[in-house]
Amino acid sequence: MAKFSIGIDFGTQSGRAVLVNVETGEEVATSVKEYTHGVMDESLPDGTKLPHDWALQHPQDYIEVLATTVPDVLKKAGVSKDDVIGIGIDFTACTMLPIKKDGTPLCMIDKFKSNPHAYVKLWKHHAAQKYANRLNQIAQERGEKFLQRYGGKISSEWLFPKIMQILEEAPEVYEEADRFIEAADWVVMKMTGVEKRNSCTAGYKAIWSKREGYPSKEFFKALHPRLENVVDEKLSRDIYPIGQKAGELTEEMAKLMGLNPGTAVAIANVDAHVSVPAVGITDIGKMLMIIGTSTCHMLLWNEEKMVPGICGYVEDGILPGFYGYEAGQSCVGDHFEWFVENCVPPTYYDEAKRKGLNIYQLLKEKAKALKPGQSGLLALDWWNGNRSILVDADLTGMMLGMTLTTKPEEMYRALIEATAYGTKIIIDNFNEHGIEVRELYACGGIAEKDELLMQIYADVTGLEIKVSASPQTPALGSAMFGAVAAGKEKGGYDSIFEAAKKMAKLKDYSYKPNPQNHEIYKKLYKEYRILHDYFGRGTNDVMKRLKEIKEEVSKI
Ligand SMILES: Nc1ncnc2c1ncn2[C@@H]1O[C@H](COP(=O)(O)OP(=O)(O)O)[C@@H](O)[C@H]1O
Ligand SMILES: O=C(CO)[C@@H](O)[C@@H](O)COP(=O)(O)O
């Protein structure tokens, strides 16, 4: 009898479950649930307004994903719950929330319902930049060695700047919280009844390493006296390696999800990291881009190297036995969405409707007909700040070269190209610091939907790009970890390497660079680098000054 595993990917806008045949890797059913509250970046459910740069989620939405998608995949596939041997989940990160000891999120307690700090702070919550700046300055002054593991700077997207913001701006939330926890670990805690924090988010997002643990109490005290014991008081020093079993499904959650109590649940993982074995990467030098709302760039290497401006490297962080390197771009799909919602005239929407296309498809059709360089446009892809290699959420987007004849499709293409140049800078930066990017792979919603973007990435980078065969690669990766949590005896696997051999897959085609386009893009990339350094490295801080004025004006 075939055995199955369920992988659940908690993305930025939705959660998706896949039911996977453990022996063949076939995804027999998929179910997607948009989050009821979506991304809260303007107001809370009760109407409380949020300041600029906030991005929150509601934890109830994650439970709804479990309750709807899991029964749905079983029903669609006609598979019995008795044949499901394991569950794995992955999440965006750092996506964190304050909870009580029993797991109750503070935002679900009446007195905190209108307090924004009681909600889940999503990875792209960028309002903690000033705390990140303070953390980085103190870490540099103290000569903290951990900075080296994080490309020299801790991002405002990571855990401690977010905790600092809560402490400073809502001390009542800080005091009431028994724990701060990654949403990934919170969902596992809900499913199993045990708090088992994963090494992936701890390593990449919370300055933890398996050799050194967390930074010292003295460092935390220097950030704020109240933070001296933050790890012991509000987090935990018990960190569990990815690839292990966290526990088993409780009666209550089994009922909710339509599964058997006792089903194995894997230690949680991060969406980007879990995707690496799902495309079959189990060796060094093969970079995977997970292209969606944002892009994460994942790479295995066998040595520790200081690479400035990356998100970080963590020993065993992606796969055991390797250093897992991560870099990222905060704004990819996000600014395509912004563009179609704000900058495309009704005539384009009418045309799309007439042709039976969605607006992205129409823009792609028109943008495809353009040659590289033909529009005369060049953009900086910082609509959501810059994660790598500048690590600065206060940078903003820019488009240069517009005239009275500039068309929406030209702007759309310029935005795609900007993200491709942003990726090329990340690749060059790895190569310049002793880590060779030998091959390029892609997965994620956009890698699946956008062949124009993929071809532009191949043309800009000059590298062939292999693409995941799964439309839900992170969820497939999670299902692989679910099968490992179940173990061989139950019909699963004893290691993620064994699971990857059987369950990972690539499409039978790849995107190959067009040499002529590559030559033109070399010239455009040179110009991009000039703008990148001019606006991003302090020659002209106009973007930050504009943000300051915006902040001042919003208070009048
Ligand atoms: N047909 C399309 N072509 C290109 N991009 C698209 C298309 N449809 C949606 N997008 C973009 O995909 C992004 C979502 O990416 P996806 O990988 O599906 O989600 P997530 O980042 O939550 O994992 C949106 O921000 C949107 O801009
Ligand atoms: O930062 C990470 C992973 O480290 C991601 O979770 C974050 O960029 C969000 O990913 P998505 O764009 O939602 O796929």
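Residues numbered from 1 in each chain as written. Chains lettered and ligands numbered in written order. Predicted model: local features only at pLDDT ≥ 70, side-chain atom pairs only at ≥ 80, totals over all residues. Heavy atoms only, no water.

Under an unreviewed UniProt entry, the protein has the name Ribulokinase and belongs to Caldicellulosiruptor diazotrophicus. Reading the Pathway (unreviewed entry) entry of the UniProt record for the protein gives the comment "Carbohydrate degradation; L-arabinose degradation via L-ribulose; D-xylulose 5-phosphate from L-arabinose (bacterial route): step 2/3." Comment text from UniProt for the protein, heading Sequence similarities (unreviewed entry), reads "Belongs to the ribulokinase family." (UniProt positions renumbered as here; feature names shortened; annotations may be inferred.)

Colleague: Quick one: what's the story with the overall build of the protein, residue by residue and with numbers?
Modeller: Looking only at helices and strands, one finds 20 helices and 22 strands in the protein. Here the C-alpha atoms of the protein give a radius of gyration of 23 Å, agreeing with the 24 Å that 2.2 N^0.38 yields for 556 residues. When the backbone C-alpha atoms are referred to their principal axes, the protein occupies close to 65 × 55 × 50 Å. Counting over 556 residues, the protein shows a buried share of 61%. Sequence separation of 24 or more characterises 73% of the internal contacts of the protein that already satisfy a separation of 6 or more. (Helix = DSSP H or I, 4+ residues; strand = E, 2+ residues; numbered from the N terminus. Rg over C-alpha atoms; globule rule 2.2 N^0.38 Å. Buried < 20%, exposed > 50% of the residue type's maximum accessible area, 1.4 Å probe, protein only. Contact = heavy atoms within 4.5 Å.)

Colleague: Go over the site of ligand 2 with me, naming the residues and quoting the values.
Modeller: Surrounding ligand 2, one finds 13 residues, the nearest of these being T12, K205, D271, S294 and E326. One of the side-chain N or O atoms of T12 is found 2.5 Å from an oxygen atom in ligand 2. A distance of 2.7 Å is found between an oxygen atom of ligand 2 and a side-chain nitrogen or oxygen belonging to S294. Relative to its unbound accessible surface of 380 Å², ligand 2 loses 94% to contact with the protein. (Near = heavy atom within 4 Å. Polar contact = N/O pair within 3.5 Å; in protein donor to acceptor, adjacent residues only side chain to side chain. Areas by Shrake-Rupley, 256 points an atom, 1.4 Å probe, with all protein chains shown as cover.)

Colleague: Tell me about the nonpolar core, and name the residues and values.
Modeller: By size, the foremost hydrophobic cluster in this structure holds 110 residues, and its most contacted members are I291, Y325, F430, M454 and I465. No other element matches helix α14 (residues 408–432), which puts 12 residues into this core. Not counting the four nearest positions on each side in its chain, F430 is found in contact with M287, L299, V307, I310, Y325, A327, I435 and V437. Residues L56, Y174, F180 and A206 belong to the second largest nonpolar core, which totals 48 residues. (Core = buried A, V, L, I, M, F, W, Y, C linked by side-chain atoms within 4.5 Å.)

Colleague: Tell me about the environment of E552, residues and numbers included.
Modeller: Following the sequence through the fold, E552 ends up in helix α20 (residues 542–555). C-alpha separation for the pair E552 and V188, spaced 364 residues apart in sequence, amounts to 42 Å.

Colleague: Could you give an account of the UniProt feature "domain: Carbohydrate kinase FGGY N-terminal" (unreviewed entry) in the protein, with specific residues and numbers?
Modeller: According to UniProt, the feature "domain: Carbohydrate kinase FGGY N-terminal" (unreviewed entry) maps to residues 6–275 in the numbering used here. Annotation note: span residues 6–275, helix share 33%, strand share 20%, distance between end C-alpha atoms 15 Å.

Colleague: How would you explain the side chain of N384 if you had to name every residue and give the values?
Modeller: Following the sequence through the fold, N384 ends up in the loop between β18 (378–380) and β19 (398–400). For N384, a relative accessible area of 14% translates into the label buried. Side chain to side chain, N384 and D334 meet in a polar contact 2.9 Å long. Ignoring anything within four residues of it in the chain, the contact list for N384 reads W123, K124, H126, S330, C331 and D334.

Colleague: Go over the site of ligand 1, please, and point to the residues and values.
Modeller: Around ligand 1 sit 15 residues, and of these R16, T293, G333, Y360 and G445 come closest. R16 places a polar side-chain atom, nitrogen or oxygen, 3.1 Å from an oxygen atom of ligand 1. One nitrogen or oxygen atom from the side chain of K364 is found 3.2 Å from a nitrogen atom belonging to ligand 1. Out of a free accessible area of 590 Å², ligand 1 has 85% covered by protein chains. Broken down by secondary-structure element, the contributors of at least two residues to the shell around ligand 1 are α11 (333–342), α13 (359–368) and α15 (445–449). Tallying contributions element by element places α11 first for the shell around ligand 1, with four residues. For the shell around ligand 1, the residue count by class is three nonpolar, six polar and six charged. (Nonpolar A, V, L, I, M, F, W, Y, C, P; charged D, E, K, R; others polar.)

Colleague: Could you give an account of the UniProt feature "domain: Carbohydrate kinase FGGY C-terminal" (unreviewed entry) in the protein, naming the residues involved and the relevant values?
Modeller: Under the UniProt annotation, the feature "domain: Carbohydrate kinase FGGY C-terminal" (unreviewed entry) is placed at residues 288–486. In residues 288–486, the share of helix is 43% and the share of strand is 19%. The end C-alpha atoms are 27 Å apart.

Colleague: Tell me about the packing of α14 against helix α16 (residues 451–461), and please be specific about residues and values.
Modeller: Where α14 meets α16, the axes come as close as 9 Å, and the angle between the chain directions of the two elements is 45°. The orientation of α14 with respect to α16, classified from their angle, is oblique. Note on packing geometry: the crossing formed by α14 with α16 is right-handed. Packed against α14, whose contacting residues are R413, I416, E417, T419, A420, Y421, T423, K424 and I427, the element α16 presents L452, L453, I456, Y457, V460 and T461 at the interface. Residue classes in the contact of α14 with α16 are distributed as nine nonpolar, three polar and three charged. (Axes fitted to C-alpha atoms, helices over the stretch in contact; angles between N-to-C directions. Parallel < 35°, antiparallel > 145°, perpendicular 65-115°, else oblique. Left-handed = near helix turned anticlockwise from the far one by under 90°.)

Colleague: If you had to explain the packing of aromatic side chains to someone new, which residues and values would you point to?
Modeller: Considering all chains together, one arrives at 21 aromatic pairs under this definition. Consider the rings of Y35 and Y62, whose centres lie 5.7 Å apart with planes at 80°: the pair is edge-to-face. Of this pair, Y35 sits in the loop between β3 (27–34) and β4 (56–57) while Y62 is found in helix α1 (residues 59–77), placing the two residues 27 residues apart along the sequence. By relative accessible area, Y62 is classed as buried at 0%. (Phe/Tyr/Trp six-rings, centres within 6.5 Å; stacked < 30°, edge-to-face > 60°.)

Colleague: Outline the sheet that holds strand β16 (residues 312–315), listing residues and values.
Modeller: The strand order across the open sheet formed by seven strands is β16-β17-β15-β14-β20-β21-β22, and the pairing between neighbours is mixed. Each edge of the sheet is formed by a strand with only one pairing partner; in this case those strands are β16 and β22 (506–511). For this sheet, the mean inter-axis angle between neighbouring strands, taken without regard to orientation, is 25°. In this sheet, strand β17 (residues 323–329) lies alongside strand β15 (residues 295–301) in antiparallel orientation, the contact comprising seven bridges. Looking across to β17, one finds that L299 is bridged to Y325. (Pairing = 2+ DSSP bridges.)

Colleague: Which residues make up the pattern of salt bridges, and what values go with them?
Modeller: Oppositely charged side chains can form a pair if their charged atoms are brought close together. Summed over the entire model, instances satisfying the criterion amount to 41 salt bridges. The salt bridge partner of K3 is D83, with a shortest N-O separation of 3.2 Å. One end of the pair, K3, is in the segment before β1 (4–10); the other, D83, is in the loop between α1 and β5 (84–91), and 80 residues separate them in sequence. Its relative accessible area of 27% is what places K3 among the partly exposed residues. The shortest N-O distance in the salt bridge between E23 and K502 comes to 3.3 Å. On the criterion of sequence distance, the pair formed by E23 in the loop between β2 (14–21) and β3 and K502 in helix α18 (residues 496–503) is long-range, its members being 479 residues apart. (Salt bridge = Lys/Arg side-chain N within 4 Å of Asp/Glu carboxyl O.)

Colleague: Outline the confidence of the model for the protein, listing residues and values.
Modeller: Of all residues in the protein, 100% have pLDDT values of 70 or greater, and the mean over the chain is 97. The ipTM assigned to the predicted complex is 0.94, against a pTM of 0.94. (pLDDT = per-residue confidence, 0-100.)

Colleague: Run through the state of the cysteines, naming residues and quoting values.
Modeller: As used in these notes, a disulfide is a covalent bond between sulfur atoms, one from each of two cysteines. Tallying each qualifying case throughout the model produces zero disulfides. Counting only cysteine sulfurs, C296 is the nearest neighbor of C200, a cysteine outside any disulfide, at a range of 10 Å. Here C331 is not disulfide-linked; the sulfur of C343 is the nearest cysteine sulfur, at 12 Å. (Disulfide = S-S within 2.5 Å.)

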